[in-house]
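# Report on the structure
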Amino acid sequence: MLSVSEITVRYGARTLFEGVSFIVNPRDRIGLVGSNGAGKSTLLKIICSQTEPDKGDIALSQHTTVGYLPQDGITYSGKTIYEEVYSGVGDISALRDEIDDVQKELETHPDHTSDEYMELVQKYGELHHKFEALDGFRVKSNIEKILEGLGFQTKDLNRPTDEFSGGWQMRIALAKLLLKQPSVLLLDEPTNHLDIESLIWVENFLKNYEGAILLVSHDRTFLDNITNKTVEIYAGKVNIYSGNYSFYASEKDIRKELLFKS
């Protein structure tokens, strides 16, 4: 699905990591861990093509999409919350606009018996079928459900995004990402801006997520509840553990003890 291959990043004389490799499979729930400054956020940015490594590459299988939520720094303006989240669905949004355009042409066409009109009818049917296949008819209810889960009220949907503070802006960004549902979801400290109710909702959403998740979080309970694999960045290399954070912490101690005894 997604392959991280021999990634190396250097800052001057300092090597952040070297030869980092691992694979993200469908439905993986990976916790990315390591000390502060180990390069967790940098690695996420490399995977989503926001940063280039000095060496190595990221390979995606056909039709695999990647979505990324940074720790902070996202701000929106010029749209309502609903419009902003809706704009994130990409193909569905463009398809909806195309359907509306064809519908207007049909309504204003002077000759309903002409070949041109019948071609428009056929095109309208094909667009509707594609829209339905993309779950487009449930976009509005999905947007409302996600925003409600993230703590927004119904009356907020038509408020301008720039009325909201930085933490709420990040919730809007998360809503866009969860609505789009990429094949691989990259989340960098997603719980930072959540209260307990919205955190519980996000946790339940991610447990049922159809794609793969690569997650950085300081919240160990959140990691335990979501992840089934742990990738540790340590001394510029990666160590892979086949369990959640608690499993990783226990297994790491065992490996240290065995290494010490040897």
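Refer to the preceding data block for the structure.
Notes on the structure follow. (Residues numbered from 1 in each chain as written. Predicted model: local features only at pLDDT ≥ 70, side-chain atom pairs only at ≥ 80, totals over all residues. Heavy atoms only, no water.)

Across its full length, the protein holds nine helices and nine strands. The long-range fraction of contacts in the protein, counting pairs at least 24 apart against all pairs at least 6 apart in sequence, stands at 65%. For the protein, the computed accessible surface area is about 14,200 Å², with 48% contributed by carbon and sulfur atoms. Averaged over its 28 positive side-chain charges, the protein has a centre that lies 9 Å from the centre of its 40 negative ones. (Helix = DSSP H or I, 4+ residues; strand = E, 2+ residues; numbered from the N terminus. Contact = heavy atoms within 4.5 Å. Areas by Shrake-Rupley, 256 points an atom, 1.4 Å probe, with all protein chains shown as cover. Lys, Arg positive; Asp, Glu negative; His and termini not counted. Charge placed at Lys NZ, Arg CZ, Asp CG, Glu CD.)

Turning next to the packing of aromatic side chains. Per the counting criterion, the structure on display carries seven aromatic pairs. Ring geometry for tyrosine 82 against tyrosine 86: centres 6.1 Å apart, planes inclined by 10°, an arrangement best described as stacked. Taken together, the positions of tyrosine 82 and tyrosine 86, both in helix H2 (residues 81–87) and four residues apart, correspond to about one turn of that helix. For the pair phenylalanine 152 and tryptophan 168, a centre-to-centre distance of 4.9 Å together with 65° between the ring planes defines the contact as edge-to-face. A residue pair is termed long-range when its members are at least 10 positions apart, and phenylalanine 152 in the loop between helix H5 (139–149) and helix H6 (166–180) and tryptophan 168 in helix H6 qualify at 16 residues. A relative accessible area of 27% places tryptophan 168 in the partly exposed class. (Phe/Tyr/Trp six-rings, centres within 6.5 Å; stacked < 30°, edge-to-face > 60°. Buried < 20%, exposed > 50% of the residue type's maximum accessible area, 1.4 Å probe, protein only.)

In terms of burial, strand S3 (residues 29–33) is a largely internal element, five of the five residues being buried. Summarising the sheet, S3 and strand S7 (residues 212–216) pair through three bridges and their orientation is parallel. Its bridge partner being in S7, arginine 29 is matched across the sheet by isoleucine 213. For S3 and strand S8 (residues 229–234), the ladder comprises four bridges, and the chain directions are parallel. Across the sheet, residue isoleucine 30 finds its bridge partner in S8, namely lysine 229. (Pairing = 2+ DSSP bridges.)

Attention shifts here to the sheet that holds strand S1 (residues 2–11). Read across the open sheet, the three strands follow the order S2-S1-S4; overall the sheet is antiparallel. A strand with exactly one partner marks an edge of an open sheet, and here the two such strands are strand S2 (14–24) and strand S4 (55–60). In this sheet, adjacent strand axes meet at a mean angle of 15° when their direction is disregarded. As judged from the seven bridges shared by S1 and S2, these two strands associate in the antiparallel manner. Of the residues in S2, the one forming a bridge with tyrosine 11 is arginine 14. (Axes fitted to C-alpha atoms, helices over the stretch in contact; angles between N-to-C directions.)

Attention shifts here to the nonpolar core. Residues Val85, Leu147, Leu150, Leu185, Leu187 and Leu206 are the most contacted members of the largest nonpolar core, which totals 48 residues. The element best represented in this core is H6, accounting for eight residues. Ignoring sequence-local partners within four residues, the contact set of leucine 150 consists of Trp168, Arg171, Leu174, Ala175, Leu194, Ser198, Trp201 and Val202. With 26 residues, the next largest nonpolar core counts Leu2, Val20, Leu43 and Val216 among its residues. (Core = buried A, V, L, I, M, F, W, Y, C linked by side-chain atoms within 4.5 Å.)

A few words on the pattern of salt bridges. For the coordinates displayed, the defined rule picks out 12 salt bridges. Notably, a salt bridge pairs glutamate 18 with arginine 10, separated by 3.5 Å at the nearest N-O pair. On the accessibility criterion, glutamate 18 (35% relative accessible area) is partly exposed. With a shortest N-O distance of 3.8 Å, aspartate 195 and arginine 171 are connected by a salt bridge. Linking aspartate 195 in the loop between strand S6 (184–188) and helix H7 (196–207) with arginine 171 in helix H6, this pair joins segments that are 24 residues apart in sequence. (Salt bridge = Lys/Arg side-chain N within 4 Å of Asp/Glu carboxyl O.)

Moving on to helix H1 (residues 40–47). Counting buried residues along H1, six of its eight residues qualify, which places the element largely inside the surrounding structure. Listed in full, the buried residues belonging to H1 are Lys40, Thr42, Leu43, Leu44, Ile46 and Ile47. Positive phi shows up at serine 49, right after H1, with a value of about 70°.

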